[in-house]
Amino acid sequence: MSVFSGMRISASGLAAERMKMDVISSNVANMQTTRTKNGGAYRRKIATFEENYDEKLGMLGVKTKKIEEDKSPLRKIYEPNHPDADKDGYVEYPNVDLLAEMSDLISASRAYESNVDTLNAQKNMISKALEIGR
């Protein structure tokens with residue numbers, strides 16, 4: 001195991017949590033989007049991760065597996081005057097729940113901070129180890 005493998009793992013965690021926060025931001029920004037270029041209302045996106053392991057190098061950290069759409073049902077609201085209303089007067093709104101998104105954002109933010117703290121601790125340990133050799 002390399003001296004820098006811990007830093008590499010923490011850096012991959014930073015990138016993964018940043019990706020998760022970007023997806024959450026997109027979800028919040030599109031909470032009221034009833035029409036997308038693909039047609040229909042915006043669907044909530046979810047970032048999924050997996051371990052990044054190499055046979056020769058060992059554990060490399062975490063990586064984004066994919067960003068997938070949440071298959072939960074869309075919200076239907078009765079608005080007969082809305083341009084996207086169906087024949088019964090209902091408009092499909094995105095399946096984005098602001099409370100859940102904010103909770104996920106706080107969780108991702110804490111994980112990001114934790115990776116930063118770990119990275120700084122590793123940097124300090126390496127610095128102290130170099131001071132011993134003087």
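Only a predicted model underlies this, so the values are computations on that prediction, with no experimental measurement involved.

Description of the side chain of Gln122
- Relative to the helices and strands, Gln122 resides in helix H2 (residues 98-132).
- If we skip the residues at most four places from it in the chain, Gln122 touches Gly6, Met7 and Ser10.

Brief notes about the pattern of salt bridges
- For the structure on display, the rule yields 8 salt bridges.
- Note that Arg44 is salt-bridged to Asp104, the shortest N-O span being 3.0 Å. Of this pair, Arg44 sits in the loop between helix H1 (5-29) and strand E1 (45-54) while Asp104 sits in helix H2, placing them 60 residues apart in sequence.
- You can call Arg44 buried: its relative accessible area is 13%.
- Put simply, Lys45 and Glu69 hold a salt bridge, and the shortest N to O gap is 3.7 Å. Taken together, the positions of Lys45 in strand E1 and Glu69 in strand E2 (residues 58-69) put the pair 24 residues apart, joining distant regions of the chain.
- Relative accessible area serves as the criterion here: at 36%, Glu69 is assigned to the partly exposed category.

Here we look at the packing of H1 against H2
- At a closest axis distance of 9 Å, the pairing of H1 and H2 adopts a crossing angle of 160 degrees. Of the possible angle classes, the one that applies to H1 and H2 is roughly antiparallel. Every pair of crossing elements has a handedness; the one defined by H1 and H2 is left-handed.
- Across the contact of H1 with H2, the residue classes tally to 13 nonpolar, 8 polar and 6 charged.

Some points on the environment of Arg75
- Of note, Arg75 is situated in strand E3 (residues 75-78).
- Taking the C-alpha atoms as reference points, Arg75 and Val62, separated by 13 residues in sequence, lie 33 Å from one another.
- Excluding anything up to four places from it in sequence, Arg75 contacts Met31, Gln32, Val91, Glu92, Tyr93, Pro94 and Val96.

Description of the environment of Ile77
- With respect to the helices and strands, the residue Ile77 is situated in strand E3.
- With 47 residues separating them in the primary sequence, Ile77 and Asn30 have C-alpha atoms 16 Å apart.
- Among residues more than four places away in sequence, those in contact with Ile77 are Gly89, Tyr90, Val91 and Tyr93.

The rules behind the values
Residues numbered from 1 in each chain as written. Predicted model: local features only at pLDDT ≥ 70, side-chain atom pairs only at ≥ 80, totals over all residues. Heavy atoms only, no water. Helix = DSSP H or I, 4+ residues; strand = E, 2+ residues; numbered from the N terminus. Contact = heavy atoms within 4.5 Å. Salt bridge = Lys/Arg side-chain N within 4 Å of Asp/Glu carboxyl O. Buried < 20%, exposed > 50% of the residue type's maximum accessible area, 1.4 Å probe, protein only. Axes fitted to C-alpha atoms, helices over the stretch in contact; angles between N-to-C directions. Parallel < 35°, antiparallel > 145°, perpendicular 65-115°, else oblique. Left-handed = near helix turned anticlockwise from the far one by under 90°. Nonpolar A, V, L, I, M, F, W, Y, C, P; charged D, E, K, R; others polar.

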